[in-house]
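Listed below, chain by chain, are the residues.
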Amino acid sequence: MANDKILYERSQVFIKDRLPKTETRDGSLDEITGTIIITSNDRGRFFRFLPKGMDDNVTDEWALVSGGQSSISFKNTKSENNSLSFSPNPLLKFRIFFNINTLRSIRRHHMNHGIADMVFALQDGTTFPTFHFNLGGSKELLELLGQYLRLEKSPRDNRLHIVREEIPQENLPQQVSAFDQMNLFDNSHDIFKRIKASDSRRTAIEKFSRVTHFFKDALLGQNDLISTSDHSEQMIEPDITALMQSFSEELRESNNDGFEVIYKVDFKKLPEVIRYPALTSKEWEMCLDKEGRIINVERMKERIFRGGLESNALRSEVWKFLLNYYPWSSTFDERIELAKQKESEYFAMKLQWKSMNEQQKQRNNLFRDRESLIDKDVIRTDRTHVYFQGDNNIHLEVLHDVLMTYNMFNFDLGYVQGMNDLLSPILIVMENEVDAFWCFVGLMERMQQNFHMDQSHIKRQLGNLHTLLQFIDAELANYLAENNSSNMYFFFRWMLICFKREFSFEDVMYLWEVLWTDHPCENFELLVCLAILISQKTVIMESKFGCNEILKHINDLSLKVQLEPLLKHAEGLYILLKEHDQATPGLPPQISAILFPNQNRNLKKSTKQDGHDSDSDATSTISSVKSSRGPSPNPDVERKPRTRHLTESHSIDENDSAVVSHTKKT
């Protein structure tokens, strides 16, 4: 740094993220204030972000990524078989350093009073957190970068600047393949050598590794290294041949080049969608009769869909209905009796595994392996959340016991990594072991297909995603196909654990209760995924991202997507699809079968007669959603506004999906 020439410097710039060990019950994000510096030396020109309170030194804690020219990340000096050790300074995570020649795109969003924010994306798909310039300086930074890079504004979005200058290949860092970076198989050096000897086999495995990277992150968490026992190696090491065969079959995708009739739907102009404030405790009480029954169940589900619930205290009651712990038609007295019965059942099942001695466990390898897996996963579950912080945390013991009891309750499925992620918010809301267990049982009834070993359910859902995208945005679908990404595996983790790691804790709970209402259809999560993907269309296509870059870019969206406008966008897509389905000639049968399966029984019968099973994961549409709503269904009820810890923007960007016009070949 001593020999560096400073080209630009601006302090009081901040990013929003979550500092380790600071996650609160409301899921708020921290503001990390720091200084942006652009420097020049004989190696090039570099971007630095230095959090306030950090020395500007590159120490042994850091390692250059991609040959030293791309970016800097945290380096683990321990053996890869040991547990990951964290630096005592949480700000190290937010030191950012990269060569400006590796930039792919820059987004600058200017707001009122000189306030602006900027987002930088690299050529490898890395997308950094949004930098907020509350004291100005973003325009000067963009102009400076324009002196060294050929920047062009996107024709789709004038806030997006694409780097067009071609970097000579000899100046680019040597890329490390996705397979090399993954370290997919522990203690598998012999396997790696055999794969490396065959270029074709290696290429196939690298394709698979792009998928499994997300699968592994979803289950184990990024940068979580756990030592495996003799038995666990047998449990988690996949059958390479079988996995390659399965993946190869997925690559043989049916590319629907259109549909039999010309279908034209303009998804650029989405209808207005108005959402309500969160449902309050007072409003909930007003919807119960004197015996405790919910007066209008469908209206209540619609209300929750439109605004969620105001607090965890209210969630602890309403979630029991949404997750089928309590029947919607039950009375106060019936719920009291049911709770007593469920408590007895729970502790009877808990006693079954608690009373097992070591000799019994030694004769049950499956039980022993699952217990070992639960032990390892529990100690790593949401430890940054205040509810699970600290050593000897009693809540971790409860989490462990609930998972062990579920293992006995549903022994055929047992425990699979990722279930701990789904149980954690439920336990935080319920703060009761028995209630958390039975609500978790209800959630697993909805999601247990996600955890089947063949992953057929998720693959089918990802296939449905691609089919919907072909109809909604053919241009983007074709781009993904051209870049080996039409299998949609970049959404694997999102689907597996229902967006658990993609939003703040508060937003995850809000999104879950919205989805649990099954309004406006049970496959609404597919439209949520599509809304996210369409919002990133310009960045992906203008930056000319390839398969690896798309995977990384979508993965980097974690905690950066705003939920409220996302739900509006997804519902807008649904409204257009529903309206077109009810018009003439209606939606293509393949599209209608995904979202409105009860209207397509004849299609299913004819398909099965041809020897193919096209059962969709969608279920019946419960209600149509109107495109405009009033501010509140009960204006006399006093409300508290829902607090959202988001960035300044309140709209989904890049809603530029194309008009669809397809014909199907016969």
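Keep in mind that what you see is a predicted model, and the values were worked out from it rather than measured.

## Side note on the overall build of the protein chain
A count of helices and strands for the protein chain gives 25 helices and 11 strands. Element-wise, carbon and sulfur atoms account for 46% of the exposed surface of the protein chain, whose accessible area totals about 30,900 Å².

## So, the packing of helix 19 (residues 505-516) against helix 23 (residues 563-582)
Closest axis-to-axis distance for the helix 19/helix 23 pair is 11 Å, and the angle between their directions is 25°. With respect to each other, helix 19 and helix 23 are oriented roughly parallel. In terms of crossing hand, the pair formed by helix 19 and helix 23 is right-handed. For the pair helix 19 and helix 23, contact is made by Asp-507, Tyr-510, Leu-511 and Val-514 and by Leu-563, Glu-564 and Leu-567, respectively.

## Digging into the nonpolar core
Proteins that are soluble and globular tend to have nonpolar side chains buried together. Grouped together as the largest cluster of nonpolar side chains are 129 residues, with contacts concentrated most on Met-419, Phe-491, Phe-499 and Leu-533. Residues within four places of Met-419 in sequence aside, it is in contact with Leu-403, Tyr-406, Leu-413, Gly-414, Phe-440, Met-444 and Phe-451. Counting 30 residues, the second largest nonpolar core, distinct from the first, contains Ile-32, Phe-98, Phe-133 and Val-163.

## Here's the deal with the pattern of salt bridges
Evaluated as defined, the whole model comprises 31 salt bridges. Note that Glu-542 and Arg-156 form a salt bridge whose closest N and O atoms lie 3.0 Å from each other. Of this pair, Glu-542 sits in helix 21 (residues 537-542) while Arg-156 sits in the loop between strand 10 (151-153) and strand 11 (160-163), and the two are 386 residues apart along the sequence. As a salt-bridge pair, Glu-358 and Lys-361 come within 3.9 Å of each other at their nearest N and O atoms. With Glu-358 and Lys-361 both in helix 11 (residues 358-362), this residue pair falls three residues apart, about one helical turn. In this structure Lys-361 comes out as buried when scored by relative accessible area, which is 12%. If you follow the salt bridges from partner to partner, you end up with Arg-150, Glu-152, Arg-156, Arg-164, Asp-473, Glu-475, Lys-537 and Glu-542 in one network.

## Digging into the packing of aromatic side chains
Under the defined criterion, the tally for this structure stands at 30 aromatic pairs. Between the aromatic rings of Phe-98 and Phe-120, the centroid separation amounts to 6.3 Å while the plane-to-plane angle is 50°, which identifies the pairing as tilted. Of the two residues, Phe-98 is situated in strand 6 (residues 96-99) and Phe-120 in strand 8 (residues 116-122); the sequence distance between them amounts to 22 residues. The pair Phe-98 / Phe-120 is uniform in exposure class, with both members buried. On the numbers, 5.9 Å between centres and 85° between planes, the contact of Trp-494 with Phe-499 is edge-to-face. Taken together, Tyr-346, Phe-347, Tyr-406, Phe-409, Phe-437, Trp-438 and Phe-440 form an aromatic cluster joined through their ring pairs. Directly above the ring of Phe-97 sits Arg-48, whose terminal nitrogen or CZ lies 4.5 Å from the centroid. A cation over a ring is seen here: Arg-275 above Phe-305, with NZ or CZ 5.3 Å from the ring centre.

## Focus on helix 16 (residues 456-472)
In this model, helix 16 (17 residues) spans 24 Å end to end at C-alpha, consistent with the 24 Å of a helix rising 1.5 Å per residue. Summarising burial for helix 16: 14 of the 17 residues are buried, a large majority.

## Description of the pairing of strand 7 (residues 103-110)
Counting buried positions along strand 7 gives seven out of eight residues, so the element sits mostly inside the fold. As defined by bridge partners, strand 7 adjoins strand 8 across seven bridges and the pair is classed as antiparallel. Its bridge partner being in strand 8, Arg-108 is matched across the sheet by Met-118. Examined bridge by bridge, strand 7 and strand 11 share three bridges and lie antiparallel to one another.

## Brief notes about unusual backbone geometry
A cis amide bond links His-519 to the next residue, Pro-520, at an omega of -10°. Locating Pro-520 in the fold gives a position in the loop between helix 19 and helix 20 (524-535). Phi is positive for Glu-431, close to 50°, though the residue is something other than glycine. You can see Glu-431 is positioned in the loop between helix 14 (419-430) and helix 15 (433-447). Here the phi dihedral of Met-488 falls at roughly 65°; this positive angle occurs in a residue that is not glycine. Note that Met-488 resides in the loop between helix 17 (474-482) and helix 18 (492-496). Looking at Met-488, the relative accessible area reads 0%, which means it is buried.

## Details of the confidence of the model for the protein chain
Close inspection of predicted coordinates is inappropriate for parts of the model with low pLDDT. Overall, the prediction assigns the protein chain a mean pLDDT of 75, with 67% of residues at 70 or greater. Every residue in residues 611-632 scores below 50 in pLDDT, and together they form 68 contacts with partners more than four places removed in sequence or on other chains.

## Quick look at the pairing of strand 11
Where burial is concerned, the two faces of strand 11 agree: the one with Leu-160 and Ile-162 and the one with His-161 and Val-163 are both buried. Two strands pair when backbone bridges link them, and strand 10 and strand 11 are joined in this way by three bridges, in the antiparallel orientation. Looking at strand 11, one finds that Glu-152 is bridged to Ile-162. With antiparallel pairing between neighbouring strands as the criterion, strand 10 and strand 11 make up a hairpin whose turn holds six residues.

## A closer look at the side chain of Glu-525
Take Glu-525: it is sitting in helix 20. Notably, Glu-525 is buried but unbridged: the nearest opposite-charge side chain belongs to Arg-446, and the N-O separation is 6.2 Å. Leave out the neighbours within four places in its chain, and Glu-525 touches Gln-461, Met-495, Phe-499 and Leu-515.

## A closer look at helix 9 (residues 312-322)
For helix 9, the tally of buried residues reaches eight of 11 residues, placing the bulk of the element in the interior. Considered for burial, the residues of helix 9 that qualify are Asn-312, Leu-314, Arg-315, Val-318, Trp-319, Lys-320, Phe-321 and Leu-322. On its buried face, helix 9 sits against helix 7 (281-286), helix 8 (297-307), helix 10 (332-354), helix 14, helix 15 and helix 19. Just beyond helix 9, the residue with positive phi is Asn-324, at close to 65°.

## What to know about the environment of Asn-432
Examined against the element boundaries, Asn-432 turns out to sit in the loop between helix 14 and helix 15. According to the relative accessible area criterion, Asn-432 is partly exposed, its value standing at 33%. Considering only alpha carbons, one finds Asn-432 and Ser-316, 116 residues apart in sequence, at a separation of 9.4 Å.

## Some remarks on the packing of helix 9 against helix 14
Direction vectors running N to C along helix 9 and helix 14 enclose 115°, while the axes themselves pass 8 Å from each other. Here helix 14 runs roughly perpendicular to helix 9, going by the angle between their axes. Contacts between helix 9 and helix 14 involve Asn-312, Arg-315, Ser-316, Trp-319 and Lys-320 from the first element and Pro-425, Ile-426, Ile-428, Val-429 and Met-430 from the second. Along the lines of polarity and charge, the residues of the contact of helix 9 with helix 14 split into six nonpolar, two polar and two charged.

## Here we look at the environment of Phe-332
Here Phe-332 lies in helix 10. Between the alpha carbons of Phe-332 and Glu-291 there is a distance of 6.1 Å; along the sequence they are 41 residues apart. Not counting residues up to four positions away in its chain, the partners in contact with Phe-332 are Leu-288, Asp-289, Lys-290, Glu-291 and Gly-292.

How each quantity is defined
- Residues numbered from 1 in each chain as written.
- Predicted model: local features only at pLDDT ≥ 70, side-chain atom pairs only at ≥ 80, totals over all residues.
- Heavy atoms only, no water.
- Helix = DSSP H or I, 4+ residues; strand = E, 2+ residues; numbered from the N terminus.
- Areas by Shrake-Rupley, 256 points an atom, 1.4 Å probe, with all protein chains shown as cover.
- Axes fitted to C-alpha atoms, helices over the stretch in contact; angles between N-to-C directions.
- Parallel < 35°, antiparallel > 145°, perpendicular 65-115°, else oblique.
- Left-handed = near helix turned anticlockwise from the far one by under 90°.
- Contact = heavy atoms within 4.5 Å.
- Core = buried A, V, L, I, M, F, W, Y, C linked by side-chain atoms within 4.5 Å.
- Buried < 20%, exposed > 50% of the residue type's maximum accessible area, 1.4 Å probe, protein only.
- Salt bridge = Lys/Arg side-chain N within 4 Å of Asp/Glu carboxyl O.
- Phe/Tyr/Trp six-rings, centres within 6.5 Å; stacked < 30°, edge-to-face > 60°.
- Lys NZ or Arg CZ within 6 Å of the ring centre and 35° of its normal.
- Expected span 1.5 Å × (residues − 1).
- Pairing = 2+ DSSP bridges.
- pLDDT = per-residue confidence, 0-100.
- Lys, Arg positive; Asp, Glu negative; His and termini not counted.
- Nonpolar A, V, L, I, M, F, W, Y, C, P; charged D, E, K, R; others polar.

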